[in-house]
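What the coordinates show
In case you want the letters, here they are:
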Amino acid sequence: MKKTNLLLIILAVYTLSISGKEIHDVQSFNQNWKFTLADSTLHASAAVYNDNSWRTLNLPHDWSIESDFGKNFPASPGGGALPGGIGWYRKSFVVDKADKGKRVFIDFDGVYRNSEVWINGTSVGKRPYGYISFRYDLTPYIKFGENNLIAVKADNSKQPNSRWYSGSGIFRNVWLTILNPTHVDHWGTYITTPEINSDSAIVAIQTAIKNDDNKLRTIRVEQLLYDTRGILVGKSEGSFYVNSGTSHQYLQRIVVKKPVLWNIESPYLYKLVTRTHTLARLTDEYVTMVGIRSFKFDVNKGFILNGKQVKINGVCDHHDLGALGSAVNKRAIERQLEILKEMGCNGIRCSHNPPAPELLDLCDKMGFIVMDEAFDMWLKKKVTFDYSLDFPEWHERDLTDMILRDRNHPSIFIWSIGNEVGEQWGEGKTEDMDLQKANIQLNNKKVIETSDMELGKIGKYALLTKELVDITKSVDPTRPVSAACNGTGENNPLFQSGALDLIGFNYHEGEYAGITKRYPTKPFFVSESISALQTRGYYVMPSDSVSICPDQWDKPYSNPSQQCSAYDNCRAPWGSTHEATWKLVKKYDHIAGQFIWTGFDYLGEPTPYWWPSRSSFFGIIDLAGFPKDVYYMYQSEWTTKDVLYIFPHWNWKDGQKVDVWAYYNNADEVELYLNGQSLGKRSKTGDDLHVMWRVPFHAGTLKAVSRKKGKEVLTKEIKTAGEPVSIRLKADRPVIDADGKDLSFVTVEILDKEGNTSPLADQLVKFTVEGEGNIVGNDNGNQNDHVSLKKPERHLFYGKCLAIVQSTNKSGNIVLKAEIQGLPAQNIIITSK
Ligand code: GAL
């Protein structure tokens, strides 16, 4: 080919690549899918198939949440009492003719579970693990400029396969990524900060560059680091060869002068832009957010962030978003994190699986300390069809992919390779497992190719622990690896492996004090704690007597109320009250912190009950997002703002003795008044976390005043509510984005003629919406409500319920109307723009 022709071609390609689209072209691939729930095998994977009768929907989508709750679904109440099944998704799409010559990838953030993907009738792969993100290269199958057909099968029919509600289907985002042949590889940057001081920091960048061209290429790689104002603060540049069809790692460094550090109060993020060039042509531009921070875990001092001791005041959460099920919505996650941040919480444990990437982006942005967890089980199963069946074949790939995907998040400080895996008990306790089969498969894998002698020395589960730690460290050696263990003894093979950097205990708070004597070289943190049980708004007195439900973990429990007291006086036998564990974590410097079970109630695992309960009682916040009372205990301890919170409500029987609790801080006493009469002053002494009065109930006004050195700090009043006369609607955000995704969370309460809310109201509320929005979920936090959370009606539960309104793509007003029999209907207007 003549030189001039070649130049013309290069120029043409270059012009196309800069014609409007981002050069690193990542398009949302969520719109307009066809879906059907089909238990029988269909030929739906074929390119030509009549899917006209299927439903049209946008992703992310969770089909399980659309159903009413039912006792007999195979997932059982433990899995949320909702259906599984087999779901098929199909989408037809066109890739521009102009993109011919580029690479076309499809990226799934997660499909629950056992997914298989076909492009134009050809299978491109399967992924059993429902929480893992994965990419397929579609390039060889794409017909540029013509219709292409993606088909996805999600098989969640074999149940139970989870100890909590999983959701079903393509429940996270999907992306179509179109790149030039030379580009930054998938999850292709790895940023570390090996040296940080107040004058400067080194940002080390390892980039994997992929050359899908048919010849060796010289690739120039530019790294540009920008601060939050968009000012370039450092750059690096270099060139190297990459053979055709290979991916090559390239190391560069940028020195940042006077670095602004990432921390939980001000999570500063730099932006790194990686540019690749071949023959002077820009071929890719890839963005990585960068947080510069130093940290360590210390045996005596716990967690040190940027040289300062920080207690991890964290919570564990599952991935469901209440009434939205497991379908990811960024605003719904952000709202959860805002509610937690307001409580003073600074840590999130992604229990017990890789989270949606949006959660980690938000934790980076909002300042949380994250423990990212890979698995709830290894070889030993916990429920019949769980991931233990896939573990032998897939664990190496899944764990590697999780770390590769997540290792640039500054918010992540701990990798966890598992939660309470059966292997911690050694060879015993292997009930109900296909262990033999799994072990044969495992032993066929390279990492377990160990001599019998070695096996004899440390045992195969210790070896497996070592393998998982090695995999993790091979992808990211900068963070400690741990596992959440409830087998705390020295005979736990996970500890025996010596491979874990941190000792993580679930529960067993009696062992915290002496832990450094037992594991003198390993820092300690509480990977999971408490498991207290509460129904928002329900109180069992006397409040100073604690119910353990059941008294022993392996005994059944029943109570006709099917509720748990919201004083901090009800807990699971393996756990503790909130106050008991926090007192210890607060007291001992060597405890790096804790992750409380749980921040939010979640679907499934309705301990201590079973059906008719279908969601958990463990949350500090209920499933709808309404805080339970103990939220304010944490707020009074974990924040510096003034807190005074009294409870319960003030609607009881005349003369009934009611325990009134106050959580407070920044004051030395609280005085309580009933209808103007003082009931006395109380002060916390020792390690007390609340004060209490036992008060014979008389209707009227209960008022608390907190004082410091005699000076009033805060006043709180609760009044006896009379007959309801009106409905109150309150939106968390009255103005939302018209992007078809954003949400407004509207709280419904009813008021008496003086404006007091009715704490016991349980009326049915019916919702309708007009204008540019839809109702996408309703909830009230009641663990025993069986009506689909998608149905636009809900009973108030202890005075509250919630409607979740989503914008369409058009700006305009959204009018949400709530109707309760016997009361005037009420509207609220949400602006979408
Ligand atoms: C833990 C377990 C959690 C949850 C919790 C309930 O042992 O790790 O997943 O089941 O108990 O108390």
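Reading the values: the criteria
- Sequence order sets the numbering: in each chain, residues are counted from 1 along the sequence as written.
- Since the coordinates come from a predicted model, pLDDT governs what is reported: local features require at least 70, and pairs of side-chain atoms require 80 or more to be given and counted, while whole-chain, interface and lining totals use all residues.
- Remark: hydrogens and water are excluded; side-chain values derive from all non-hydrogen atoms of the structure.
- Definitions used for this entry: grid spacing 1 Å over protein atoms alone; cavity, a set of points where a 1.4 Å probe fits but cannot get out; pocket, an open set with protein on both sides within 12 Å along at least 5 of 7 lines; lining residue, one with an atom within 4 Å of a point.
- Grid points are joined across faces, edges and corners, and a volume is the space filled by probe spheres set on the points.
- In this classification, the charged set is Asp, Glu, Lys and Arg, the nonpolar set is Ala, Val, Leu, Ile, Met, Phe, Trp, Tyr, Cys and Pro, and all remaining amino acids, among them Gly, are polar.
- Residue proximity to a molecule or strand is established when one non-hydrogen atom of the residue lies within 4 Å of it.
- Polar contact is the term for a pair of N or O atoms within 3.5 Å; when the atoms are in protein, one must be able to donate a hydrogen and the other to accept it, and sequence-neighboring residues count only if both atoms are side-chain atoms.
- Using the Shrake-Rupley algorithm and a 1.4 Å probe, accessible areas are obtained, with residue cover drawn only from the displayed protein chains.
- For a cavity or pocket, the test is whether more than half of a molecule's atoms lie within 2 Å of its grid points; if they do, the molecule sits there.
- Pairing of aromatic rings covers Phe, Tyr and Trp, the last through its six-membered ring, and needs centres within 6.5 Å; plane angles under 30 degrees mean stacked, over 60 mean edge-to-face, and all others mean tilted.
- Segments assigned H or I by DSSP are reported as helices when at least four residues long, segments assigned E as strands when at least two residues long, and all are numbered from the N terminus.
- A ring is scored as having a charge over it whenever the NZ atom of a lysine or the CZ atom of an arginine sits within 6 Å of its centre and within 35 degrees of its normal.
- Every residue carries a pLDDT, the predictor's confidence in it, which falls somewhere between 0 and 100.

Things to note about the layout of surface pockets
- When its volume is computed, the second largest pocket comes out at roughly 1400 Å³.
- Taken together, 43 residues form the lining of the second largest pocket, with R163, E420, W553, W574 and E605 sitting closest to its centre.
- Among the residues making up the lining of the second largest pocket, the classes are represented as 19 nonpolar, 13 polar and eleven charged.

Focus: the site of the ligand
- Taken together, R163, H352, N419, E420, N506, Y507, E528, S531, W574, W597, E605 and F618 make up the full set of residues adjacent to the ligand.
- Contact distances for the ligand include 2.8 Å between an oxygen atom and a side-chain N or O atom of W574.
- A distance of 2.5 Å is found between an oxygen atom of the ligand and a side-chain nitrogen or oxygen belonging to E605.
- Alone, the ligand offers 310 Å² of accessible surface; in the complex the protein occludes 94% of this.
- For the ligand, the cavity whose grid points lie within 2 Å of the majority of its atoms is the second largest pocket.
- Considering only residue class, the shell around the ligand consists of four nonpolar, four polar and four charged.

Details of the packing of aromatic side chains
- Applying the stated criterion to the full structure yields 51 aromatic pairs.
- Geometrically, the ring pair formed by Y567 and W661 is tilted, given 5.4 Å between the ring centres and 35 degrees between the ring planes. Residue Y567 is located in the loop between strand 28 (547-548) and strand 29 (570-571), and its partner W661 is located in strand 32 (residues 657-664); the two are separated by 94 residues in the primary sequence.
- Aromatic rings pair up to connect Y539, Y567, Y631, Y632, Y645, F647, W652, W661 and Y663 into one cluster.
- Sitting over the face of the ring of F626, K800 holds its NZ or CZ atom 5.7 Å from the ring centroid.

Regarding the confidence of the model for the chain
- Looking at the chain, pLDDT values average 94 and 93% of them are 70 or higher.
- Least confident of the elements in the chain is helix 5 (residues 435-443), whose mean pLDDT is 38; most confident is helix 11 (residues 631-638), at 99.

Focus: empty space enclosed by the protein
- Under the criterion given, the structure shown has six cavities of 30 Å³ or more.
- Put simply, the largest cavity is a space of about 250 Å³.
- The wall of the largest cavity is formed by 19 residues, among which H318, H319, I333, P355 and L359 lie closest to the centre.
- Element by element, the count of residues in the lining of the largest cavity is highest for helix 2 (residues 330-343), at four residues.
- The wall of the second largest cavity is formed by 15 residues, among which Y112, Y129, Y131, N161 and M377 lie closest to the centre.
- Broken down by class, the residue content of the lining of the second largest cavity amounts to six nonpolar, five polar and four charged.

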